[in-house]
Amino acid sequence: MTTEVLSAPATPATPGAAPVRDTGAEALENAQAQLSAAVQTLGFSNGLHQHLAKARREMTVGIPLRRDDDSVEMLTGYRVQHNFSRGPAKGGLRYSPNVSLDEVRALAMWMTWKCSLLNVPYGGAKGGITIDPRNYSQRELERVTRRYTSEILPIIGPDKDIPAPDIGTDEQTMAWMMDTYSVNVGYTVPSVVTGKPVSVGGSLGRPSATSRGVVHIALAALNHAGLAPARSTAVVQGFGKVGAGAAGFLADAGVRVVAVGDQYGAIHAAEGLDIRSLTDHVRTTGSVVGFPGSDPIPSDVLLELDVDLLVPAAVEGVLHADNAARVQAKVIVEGANGPTTTAADRIFADNGILVVPDILANAGGVIVSYFEWVQGNQAYWWTAAEVEERLESRMLAAWHNVLTVANRRSLNLREAATVTAVERVAEARQIRGLYP
Ligand code: NAD
C-alpha cells in the first residue's frame, strides 16, 4: 500500500542561478529539529525519539484525471498518518502545486503536536495533492477529489483518520469527500471529514474558527508584550480562509491592519485597511492587489514592516535566515503552519521578538473540527455562540498553559508548546505499551 516518492534534491534551474528552495524538505527538517529539541529537554531515549519522529503510515496515490477536454492527466496525492497514540488521526487536505511527500510529513507531525497541545483526542495526519486548483474547473476538481478519496478510502474513517480543509480546499471539497466515502461504504458517514457545510452536518462557527483562534491568541500575546491592541498595528500575510478572517477579527478588536499580501502581491495603507471592503474586492478580483486606496508594496517588504504584530497566514518557511534579521514586528503569531524556520526562530529569540507557534496559534480550526465530530457523533448541534465560547476558552487555557510551562522550564513559547505536546503523546504511547 505504501510507496515512497521522495522529492528530488533542489538544483539550480540554470547554471549560476540561485538554488530553488525545497520548502517541503525544509519544513520536515524544521519539524524534526523542533522534535529533537523537545526530546532533549524531556530526556527521552533514542528509541522513543525514533518512534515519535517517524510516521506510522504513508500512502502515495496516482490520480488519473479526465479533463474537461477528454484528455487524461496523472496527478499525485499523499496521505500521511503520523501518530495514533491519543486517538484517530486528524489533519487537513492541501491542493497546491508545491505539495510534496516531505511537506505532508512535516504537516502531519505538527498536527500530532497540535491535537495533543489542545487536548483533543486525536493523533496527527495530513494529505495533499500536487495540483494548482486555479487551473482546473469545478467539475475537474470534483473528479480529482472523488478519485483521491476512493484511493485513500481504506485508511480514512471517523475512527481512523478525519480530513479537513487546508490550502486550496474548502467546504465543497469536504462535501465531495464525505459523499464519496458514504457511497462506497453504503451509508451516510458525516464524521469522516470536518469543515463540511452545515447542511450536511458541519458545525456552526467552523469556517471562522482558525482565524478567530488566531486573534484570541494575538490579543493575549499583544497584552502579554505590554501592547494595547487598540493602539497596535498589524500585517497579515495570506488573505485566504485564515488570513482574511484574522485580519477582519483584528480590525474588529481595534488593531490597525496596515498591510496584507497574497500570492499575487502586497498592499499597504498607513491609516489601516478596510477589511470588509477588501474582502469584497478579493471576492471579485481574486487578489488583494489593486485595492482602491492602498499602495502596492513588494511582497518581501510586507514581512519587514515596522508594526507591532505580524501574522504569517500563508505557507511554510517565509521567515528564514535571510530575512529574519530585518523583521521589525514585536510579536509574531503563526496563522500558517511552519512559517518560521529554525534559523529564523533563533534570530527572533536574539532580537526579543515574541513568537507564538503555529501548533498553539492556529489550533482553533482543529478545536472546532473536534466539536463538529462530537456533534456529528451525537447528532446534536450547538449554537454558534456555544461553539465560539468553547473555542475561546480552550484557546486561552492552552495559551496560559504554554506560558506556565515556558516560565517553569525557561523555554520560549515554541519549545514550551512542543515539549507539552510531545510529553502527552509519549505518555499515551508508554501507557499503551508496545505491541507485540
Ligand atoms: P487558503 O488557500 O484559504 O489561503 C492561502 C492564502 O495564502 C491565499 O491568500 C494565497 O494567495 C496566499 N499565498 C499562497 N502562497 C503564498 C505566498 N508564497 N506568499 C504570500 N501569500 C501566499 O489557505 P488557508 O486555509 O487560509 O491556509 C493558510 C495557512 O494556514 C496554511 O499554512 C494552513 O496549513 C494553515 N492553517 C489552516 C487552517 C484552516 O482551517 N484552513 C487551520 C490551521 C492552519
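Residues numbered from 1 in each chain as written. Predicted model: local features only at pLDDT ≥ 70, side-chain atom pairs only at ≥ 80, totals over all residues. Heavy atoms only, no water.

Participant: Would you take a moment to explain the sheet that holds strand β11 (residues 331–333) for this structure?
Facilitator: Backbone hydrogen bonds are what pair the strands of a sheet, in a parallel or an antiparallel way. Taken together, the seven strands give an open sheet; going across it, the order is β9-β8-β7-β6-β10-β11-β12, and neighbouring strands pair in mixed fashion. The open sheet has two free edges, formed respectively by β9 (295–297) and β12 (354–356), since each of these has just one partner strand. The mean inter-strand angle of the sheet, taken between neighbouring strand axes irrespective of direction, is 20 degrees. Where strand β7 (residues 256–262) meets strand β8 (residues 265–268), four bridges bridge the pair, whose relative direction is antiparallel. In the strand pairing of β8, A259 is matched with H268. (Pairing = 2+ DSSP bridges. Helix = DSSP H or I, 4+ residues; strand = E, 2+ residues; numbered from the N terminus. Axes fitted to C-alpha atoms, helices over the stretch in contact; angles between N-to-C directions.)

Participant: Help me understand the site of the ligand in this model?
Facilitator: With respect to spatial proximity, 21 residues lie near the ligand, and among them D166, T210, K241, Q263 and N337 are the closest. Contact distances for the ligand include 2.9 Å between an oxygen atom and a backbone N or O atom of V242. For the shell around the ligand, the per-class residue count stands at seven nonpolar, nine polar and five charged. No fewer than three residues from each of domain 1 (2–6 + 22–188) and domain 2 (209–356) sit in the shell around the ligand. (Near = heavy atom within 4 Å. Polar contact = N/O pair within 3.5 Å; in protein donor to acceptor, adjacent residues only side chain to side chain. Nonpolar A, V, L, I, M, F, W, Y, C, P; charged D, E, K, R; others polar. Domains from an automatic or database assignment.)

Participant: What is the right way to read the nonpolar core from this model?
Facilitator: Buried together is how nonpolar side chains tend to be arranged in soluble globular proteins. Residues W113, L250, L278 and V333 are the most contacted members of the largest nonpolar core, which totals 85 residues. Here this core gets nine residues from one element, more than from any other, and that element is helix α13 (residues 384–409). A domain-level breakdown of this core finds at least three residues from each of domain 1 (2–6 + 22–188) and domain 2 (209–356). Setting aside residues up to four positions removed in sequence, W113 forms contacts with L35, L52, H82, I359, T418, A421, V422 and V425. The next biggest cluster of nonpolar side chains, apart from the first, holds 25 residues, and it includes V61, L65, L75 and I131. (Core = buried A, V, L, I, M, F, W, Y, C linked by side-chain atoms within 4.5 Å. Buried < 20%, exposed > 50% of the residue type's maximum accessible area, 1.4 Å probe, protein only. Contact = heavy atoms within 4.5 Å.)

Participant: How do you make sense of the domain arrangement of the protein chain when you look at a structure like this?
Facilitator: You'll often see interface size given as the accessible area lost when the parts meet. What the domain assignment reports for the protein chain is domain 1 (2–6 + 22–188) and domain 2 (209–356). The straight-line distance from the C-alpha centre of domain 1 to that of domain 2 is 26 Å. Taken together, the 15 residues of domain 1 in the interface contact 11 residues of domain 2. With both sides pooled, the region where domain 1 packs onto domain 2 buries about 1,000 Å², and carbon together with sulfur makes up 42% of that total. Three residues, N30, W110 and R134, lead the burial of domain 1 against domain 2; their summed loss comes to 37% of the area buried on that side. (Buried area = accessible area lost by both parts, 1.4 Å probe.)

Participant: Please explain the pairing of strand β4 (residues 123–130) as it appears in this structure.
Facilitator: A regular strand places its side chains so that they alternate between the two faces of the sheet. Of all eight residues in β4, seven are buried; the element is thus mostly enclosed. For strand β2 (residues 72–83) and β4, the ladder comprises six bridges, and the chain directions are antiparallel. Across the sheet, residue N83 finds its bridge partner in β4, namely G124. In this sheet, β4 lies alongside strand β3 (residues 89–96) in parallel orientation, the contact comprising six bridges.

Participant: Can you walk me through the packing of aromatic side chains in this structure?
Facilitator: For any pair of aromatic rings, geometry is given as the distance between the ring centres together with the angle between the planes. Taken as a whole, this structure holds five aromatic pairs when the rule is applied. Taking the centre distance of 6.4 Å and the plane angle of 35 degrees together, the rings of Y370 and W373 count as tilted. Here Y370 and its partner W373 are both found in helix α12 (residues 364–378), three residues apart, which amounts to about one turn of the helix. A relative accessible area of 12% places W373 in the buried class. The interplanar angle of 50 degrees and the centroid separation of 5.1 Å between the aromatic rings of F371 and W382 together place this pair among those described as tilted. Of this pair, F371 sits in helix α12 while W382 sits in the loop between α12 and α13; the two residues are 11 residues apart in sequence, bridging distant segments of the chain. Taking relative accessible area as the criterion, F371 reaches 4% and is therefore assigned buried. Taken together, the aromatic side chains of Y122, Y370, F371, W373 and W382 make up a single cluster linked through ring pairs. One residue, R390, lies across the ring of W382, its end atom 4.1 Å from the ring centre. (Phe/Tyr/Trp six-rings, centres within 6.5 Å; stacked < 30°, edge-to-face > 60°. Lys NZ or Arg CZ within 6 Å of the ring centre and 35° of its normal.)

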